[in-house]
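Residue-level structure breakdown
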Amino acid sequence: MDTEEIKELVESRAWSEDNARVSVRAEHKCEYCGLDFFASVSNYCLWQKDHIVPIKHGGTDEMSNYAAACFPCDVVFKAQWNPKNHTGSDASREQLVAVTRDYIAGKRLQAELHLESQRKMVRWNR
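Notes on the structure in this doc start here. Keep in mind it's a predicted model, so treat the numbers as computed, not measured.

1. What to know about the overall build of the protein
What the protein contains, in helices and strands, is six helices and two strands. Going from the N terminus to the C terminus, the protein shows its helices and strands as α-α-α-β-β-α-α-α. Expressed along its principal axes, the backbone C-alpha trace of the protein runs to roughly 50 × 35 × 20 Å. Relative to its 126 residues, the protein shows a buried fraction of 33%. Of the contacts made within the protein by residues no fewer than 6 positions apart, 54% connect residues no fewer than 24 positions apart. When the accessible area of the protein is evaluated, it comes to approximately 7900 Å², of which 51% is carbon and sulfur surface. The positive charge centre, built from 17 side chains, and the negative charge centre, built from 19, are 10 Å apart in the protein.

Here it is in structure tokens:
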């Protein structure tokens, strides 16, 4: 992990050390959909620190339970979904992120299909 980058982010006073560590570990991209947080102001504003396993499902505030996530992946698609229900209790962080990524991809596909039906109703593709 790039400790110099973390130090600079923290010194900017815009990032806590934990948030900087989470973002640097994820290469400043959503760990679920790959959104680049530094590609635009809009993307930057979507950055969140997600509990991979939600606290209410036994998740912790340890660094290993945090993922960099965009607002849609974290709040709209994942919400309180528990990846351990699909991996087992002894899953690694990488396994938990991977199963969450797959779950979110499915939810995004459902949302895309819904959006397409709504576009047809409003003749979006005129």
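2. Section: the packing of helix H1 (residues 3-11) against helix H2 (residues 17-25)
When two helices pack together, their arrangement is given by the angle between the helix axes and by the axis-to-axis distance. Close contact between H1 and H2 brings their axes to 9 Å; oriented N to C, the two are set at 135°. The orientation of H1 relative to H2 falls into the category oblique. Between H1 and H2 lies a crossing whose hand is right-handed. Packed against H1, whose contacting residues are Glu-5, Ile-6, Leu-9 and Val-10, the element H2 presents Glu-17, Ala-20, Arg-21 and Val-24 at the interface. Across the contact of H1 with H2, the residue classes break down as five nonpolar, no polar and three charged.

3. A few points about the packing of aromatic side chains
Think of a pair of aromatic rings as described by two things: how far the centres are apart, and how the planes are tilted against each other in angle. The full count for this structure, using the stated rule, is six aromatic pairs. A centroid spacing of 6.3 Å and a plane angle of 20° characterise the contact between Trp-15 and Phe-38, whose relative ring orientation is stacked. With Trp-15 in the loop between H1 and H2 and Phe-38 in the loop between H2 and helix H3 (41-44), this pair connects stretches of sequence that are 23 residues apart. Residue classification places Phe-38 among the partly exposed positions, given a relative accessible area of 45%.

What counts and how
The residue numbering used here restarts from 1 in each chain and proceeds along that chain's sequence as written. Only residues with pLDDT of at least 70 are given local features in this predicted model, and only at 80 or more are side-chain atom pairs given and counted; all residues enter the totals for whole chains, interfaces and linings. Just so you know, side-chain values use all the structure's heavy atoms and leave hydrogens and water out. Secondary structure elements are defined from DSSP: runs of H or I of at least 4 residues count as helices, runs of E of at least 2 residues count as strands, and each element is numbered from the N terminus. Partly exposed residues are those whose accessible area sits between 20% and 50% of the maximum for their type, while under 20% is buried and over 50% is exposed, using a 1.4 Å probe and protein chains only. The criterion used for residue contact is that any of the two residues' heavy atoms lie within 4.5 Å. Per-residue and other accessible areas follow the Shrake-Rupley method at a 1.4 Å probe size, with only the shown protein chains counted as cover for residues. Here Asp and Glu are counted as negative and Lys and Arg as positive; His is not counted, and neither are the chain ends. A charge is said to be at NZ when it belongs to Lys, at CZ for Arg, at CG for Asp and at CD for Glu. In this analysis, axes come from line fits to C-alpha atoms, helices being fitted only over the stretch in contact, and the angle between any two N-to-C directions falls in the range 0 to 180 degrees. For classification purposes, an angle smaller than 35 degrees is called roughly parallel, one larger than 145 roughly antiparallel, one from 65 to 115 roughly perpendicular, and anything else oblique. In a left-handed crossing the near helix is turned counterclockwise from the far helix by less than a right angle, and in a right-handed crossing that turn is clockwise. In this classification, Asp, Glu, Lys and Arg are treated as charged, Ala, Val, Leu, Ile, Met, Phe, Trp, Tyr, Cys and Pro as nonpolar, and every other residue, Gly included, as polar. Centre distance within 6.5 Å is the pairing criterion for rings of Phe, Tyr and Trp, where only the six-membered ring of Trp is used; planes under 30 degrees apart are then read as stacked, over 60 as edge-to-face, and the remainder as tilted.

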